[in-house]
Amino acid sequence: MRRNKASTKGILKYREKKLSKSLTISLIIFLSAVLLFFLSVFCPIKEIGKKLLYTIGISEFSYPAKDYPLSVHFIDVGSGDCILIHTDEVNILVDTGEYSLDGKAAEYLKRADIEQIDLFVATHPDSDHLGDFASVAEFVDVKEIWYSRFCIKENSEQSEDEKIFFRTVNEKNIKLTYPETRKYLFGDLALEVIAPTEDLDSDNDNSIVFRMTYRDRSFLFTGDAGKKTEQQLLEEGIDISCDVLKIGHHGSKGSTTEDFLQAASPACAVISAGDDNIYLPNREVADRLQDFGCEIYRTDTDGSIIIATDGKELTVFTEKTE
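Residues numbered from 1 in each chain as written. Predicted model: local features only at pLDDT ≥ 70, side-chain atom pairs only at ≥ 80, totals over all residues. Heavy atoms only, no water.

A. Structural view of the pairing of strand β3 (residues 91–94). Residues Asn-91 and Leu-93 point to one face of β3 and Ile-92 and Val-94 to the other, with burial holding for every one of them. Pairing of strand β2 (residues 83–86) with β3 involves four bridges; the strand directions are antiparallel. When the sheet's bridge partners are listed, Leu-84 is paired in β3 with Leu-93. Bridge analysis of β3 against strand β5 (residues 119–122) gives three bridges, and the strand direction is parallel. Along β5, the bridge assignment pairs Val-94 with Val-121. (Buried < 20%, exposed > 50% of the residue type's maximum accessible area, 1.4 Å probe, protein only. Helix = DSSP H or I, 4+ residues; strand = E, 2+ residues; numbered from the N terminus. Pairing = 2+ DSSP bridges.)

B. Layout of the sheet that holds strand β7 (residues 144–147). With mixed pairing, the eight strands of this open sheet are ordered in space as β8-β7-β5-β3-β2-β1-β16-β17. Strand pairing shows two members of the sheet lacking a second neighbour, β8 (175–177) and β17 (314–318), which therefore form its edges. Across the sheet, the mean angle from the axis of one strand to that of its neighbour is 15°, orientation sign disregarded. Note that β7 and β8 share three bridges and pair parallel. If you follow Trp-146 over to β8, its bridge partner there is Thr-177. (Axes fitted to C-alpha atoms, helices over the stretch in contact; angles between N-to-C directions.)

C. Highlighting the sheet that holds strand β15 (residues 295–298). Taking strand neighbours across the sheet as the criterion, the seven strands line up as β9-β10-β11-β12-β13-β14-β15 in an open arrangement whose pairing is mixed. Two strands in the sheet have a free side with no partner beyond their single neighbour: β9 (183–186) and β15. Across the sheet, the mean angle from the axis of one strand to that of its neighbour is 20°, orientation sign disregarded. In the sheet, strand β13 (residues 244–246) pairs with strand β14 (residues 268–271) via three bridges, with the strands oriented parallel.

D. Geometry of the nonpolar core. Counting residues in hydrophobic clusters, the biggest one holds 31 residues, and the most contacted among them are Leu-93, Ile-117, Phe-120, Phe-133, Val-142, Ile-145 and Phe-165. Every element with two or more residues in this core is listed here: α3 (104–111), β5, α5 (133–139), β7, α6 (160–172) and β16 (305–309). Within the second largest apolar cluster, 28 residues are counted, among which are Val-72, Val-94, Tyr-184 and Ile-307. (Core = buried A, V, L, I, M, F, W, Y, C linked by side-chain atoms within 4.5 Å.)

E. Geometry of the environment of Val-77. Assignment of secondary structure puts Val-77 in the loop between β1 (70–74) and β2. Considered as a pair, Val-77 and Thr-299 are 222 residues apart in the sequence and their alpha carbons are 8.2 Å apart. Setting aside chain neighbours within four positions, we find Val-77 in contact with Cys-82, Thr-96, Gly-97, Lys-104 and Ala-105. (Contact = heavy atoms within 4.5 Å.)

F. Highlighting empty space enclosed by the protein. All told, the structure shown has three cavities of 30 Å³ or more when counted by the stated rule. The volume enclosed by the second largest cavity comes to roughly 40 Å³. Together, Tyr-147, Ser-148, Arg-149, Tyr-178, Pro-179, Val-193, Ala-195, Pro-196 and Ile-208 line the second largest cavity. Looking at the lining of the second largest cavity residue by residue, the class counts come to seven nonpolar, one polar and one charged. (1 Å grid on protein atoms, 1.4 Å probe; cavity = no way out; pocket = protein on both sides within 12 Å on 5 of 7 lines; lining within 4 Å. Points joined across faces, edges and corners; volume = space filled by probe spheres on them. Nonpolar A, V, L, I, M, F, W, Y, C, P; charged D, E, K, R; others polar.)

G. Spotlight on the pattern of salt bridges. Counted under the stated rule, the structure contains eleven salt bridges. Close ionic contact of Asp-216 with Lys-312 constitutes a salt bridge, the shortest N to O distance being 3.2 Å. One end of the pair, Asp-216, is in the loop between β11 (209–214) and β12 (217–221); the other, Lys-312, is in the loop between β16 and β17, and 96 residues separate them in sequence. Exposure remark for Asp-216: the relative accessible area of 48% places this residue in the partly exposed category. According to the relative accessible area criterion, Lys-312 is exposed, its value standing at 51%. Several salt bridges converge on common partners, so that one network encompasses Lys-153, Glu-162 and Asp-203. (Salt bridge = Lys/Arg side-chain N within 4 Å of Asp/Glu carboxyl O.)

H. Seen up close, a negative patch on the surface. Side chains of Glu-198, Asp-199, Asp-201, Glu-235 and Glu-236 sit close together on the surface and give a patch of like negative charge. Positionally, Asp-199 belongs in the loop between β10 (189–195) and β11. Classification of Asp-199 as partly exposed rests on a relative accessible area of 41%. (Patch = residues over 30% accessible without salt bridge, like charges linked within 9 Å, V, L, I, M, F, W, Y side chains within 5 Å. Areas by Shrake-Rupley, 256 points an atom, 1.4 Å probe, with all protein chains shown as cover. Lys, Arg positive; Asp, Glu negative; His and termini not counted. Charge placed at Lys NZ, Arg CZ, Asp CG, Glu CD.)

I. Just the environment of Phe-166, in detail. In this fold, Phe-166 is placed in helix α6. Relative accessible area serves as the criterion here: at 18%, Phe-166 is assigned to the buried category. Residues Phe-166 and Phe-133 lie 33 residues apart in sequence; the distance between their C-alpha atoms is 9.8 Å. Not counting residues within four places of it along the chain, the set of residues in contact with Phe-166 comprises Tyr-147, Gln-158 and Leu-176.

J. Spotlight on the pairing of β9. Here β9 shows a clear split, with Tyr-184 and Phe-186 buried on one side and none of Lys-183 and Leu-185 buried on the other. Where β9 and β10 come together, four bridges link them in antiparallel fashion. In the strand pairing of β10, Tyr-184 is matched with Leu-191. Hairpin connection from β9 to β10: two residues lie between these consecutive antiparallel strands, with Gly-187 at a positive phi of about 65°.

Interpretation note: all reported values are geometric properties and have no functional meaning in isolation.
Spelled out as structure tokens, the structure:
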């Protein structure tokens, strides 16, 4: 089909106008994103900026949980444990994962705007639980530490990670407490320490285990506690029922027995494991959880996991989406 010069000029003019309009729209979107970024970081209306960033899909992962009075963050630190418990009144950190050059735990806290930890729970002294504490203490102000009374060792028997941990505690002049098996209140949160009650001969089984309740919802945190601890809790008739269970020892075969799982009866189970370890979680444990029928979340496949609640409903956010 032939076009005359007039129609060709009209087409070119139309295309130029359309291109100019597209460039203008792109520029507006880009400048808006830049403006929102600076609002979220520098301005007094920081939270407004963050909410707008989240709305258009470029905010950081932890933001949506800020709409809930309680959020529990199972932070992906690879082969280790690190859990942030956050309310408007208190921040509690459980373990840090092992030492990492990129400071995974500290970086997450930074992105979540956490500047103070009211309580740090060192469940036990394995490197994949407290190895990165020095990095965290450099970034946030830690007020108090819970440490298992049955994990205390002579200096000559301590690992390098333990020595660095205690040196940091001394240098920062942080209050160190060996919690007793009883209930502690932190605002609207109730933390009941239920183990250890006696020396069970291994750091794993001497992990601090506590049950946290918030209104109608409960969470059970188990560190690396294994069958010995689980059996002791069952024999003593301790209430371990929970809505959310942090699976012991990264889902190893030596924990999460069927009797313990039945008594806990969780609706949701979370496993902290690294994608570089093909043996954890153990297949038998994974199958047991599957057969039990609870929702299963894993940091090796889901990335960081946030379970948020208003005290009634539970909402789960995962960093990685299918």
